Amino acid sequence: MLVCVGSIAFDTVETPDHVAEEVLGGSANFFGFAASLFGPVGLVGVVGDDFPESHLDVLRSRGIDTAGVQRVPGRTFRWAGRYLDDMNVRETTNLELNVFGSFDPVLPEPYRTSGYCFLANGSPAIQERVLDQLHEPKLVLADTMNHWISGARDEVLHLLRRVDGVIINDEEAMMLAGRTNLVAAARAVARLGPGIVVVKKGAHGSLLVAEGGVFPLPAFPLEEVKDPTGAGDCFAGAFMGYVARAGDRSVATLRKAVLYGTVVASFNCEAFSVDRLRTLTTAEVEERARQFADLLRT
Ligand code: AMP
């Protein structure tokens, strides 16, 4: 099983054309939907008593295990963001941690030997508490964000020495490495501990560093982007789902995983919240992966 520890949220998303209020979001949700296309996935997160059971039913209907989702008194985590005309630029307009602020992840017993784990964006201290509960994992990847890199740098560096890889965005890689050249930054992050580094560049694709090699991939060309929220977590979900299913971490597998991460993230951008993911099928993913591979052939 692939385990993801992260946020479960109500998101309010504003784009130039539309506002979606209090819709299902959070890193664990996006990750879970994407990863479930490749194999079994379990989520560890926390919701408040305002979180409808029907949302958890939707996750379960996709085969996602929710045994690690705690329900506690209080309000669920809320996040709001606004996209500028250039949909690559987003500002956070509201962040209410609520029950996520005192989240203490507890992995159900079967999750502890699961082998594959993604530590979605969260405090490095909490991410390490998850690591402490894992028994001989095969692959652990982590995400982080500027808030932690600037405010808890030593803790982030400590975490990086304990994980196998990171999936972060371009700004985060540059901040972590203190370099503005992205290739140099990604390689420098790999030298901080995690041998596998995936740098996401939004509509400009991604860069994988593994075993000393650097492998760039463009984004899937979409003419219309409705809502990119969660694209990074979908990328991570499909990437790790693919690697867990393949059962190895060779460069060839990781490069294929980046392709699937890119494809599933592109589907997510076609609708708000998890709306496109709810009905996405493996056949659709395979078809777009074929199209994309054809486009890349020169
Ligand atoms: P992405 O677009 O991939 O960066 O993911 C956006 C998702 O991350 C949204 O659904 C938010 O609910 C969630 N999110 C935003 N900020 C945070 C945070 N500080 N901690 C955890 N999750 C967050």
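Residues numbered from 1 in each chain as written. Predicted model: local features only at pLDDT ≥ 70, side-chain atom pairs only at ≥ 80, totals over all residues. Heavy atoms only, no water.

Caption draft 1: Examining the packing of helix α6 (residues 170-177) against helix α7 (residues 182-191) more closely. As a packed pair, α6 and α7 sit with axes 8 Å apart at the nearest point and diverge in direction by 65 degrees. Relative to α7, the element α6 lies roughly perpendicular. α6 and α7 meet at a crossing whose hand is left-handed. Contacts between α6 and α7 pair Asp170, Ala173, Met174, Leu176 and Ala177 from the former with Leu182, Ala185, Ala188 and Val189 from the latter. Its residues assigned to classes, the contact of α6 with α7 comprises 8 nonpolar, no polar and 1 charged. (Axes fitted to C-alpha atoms, helices over the stretch in contact; angles between N-to-C directions. Helix = DSSP H or I, 4+ residues; strand = E, 2+ residues; numbered from the N terminus. Parallel < 35°, antiparallel > 145°, perpendicular 65-115°, else oblique. Left-handed = near helix turned anticlockwise from the far one by under 90°. Contact = heavy atoms within 4.5 Å. Nonpolar A, V, L, I, M, F, W, Y, C, P; charged D, E, K, R; others polar.)

Caption draft 2: Structural context of unusual backbone geometry. Backbone geometry at Glu22 places phi at a positive 50 degrees, although glycine is not the residue there. By the element assignment, Glu22 lies in strand β3 (residues 19-25).

Caption draft 3: Representation of the sheet that holds strand β2 (residues 9-14). Taken together, the 4 strands give an open sheet; going across it, the order is β3-β2-β6-β7, and neighbouring strands pair in mixed fashion. Each edge of the sheet is formed by a strand with only one pairing partner; in this case those strands are β3 and β7 (90-96). Geometrically, the sheet is characterised by an average inter-axis angle of 20 degrees between neighbouring strands, direction not taken into account. Pairing of β2 with strand β6 (residues 77-83), which is carried by 6 bridges, proceeds in the parallel orientation. Counterpart to Phe10 in the pairing with β6 is Arg78. Against the sheet, helix α1 (residues 27-35) makes contact with β2 and β3, and its axis sits at roughly 70 degrees relative to β3, the strand it touches most. (Pairing = 2+ DSSP bridges.)

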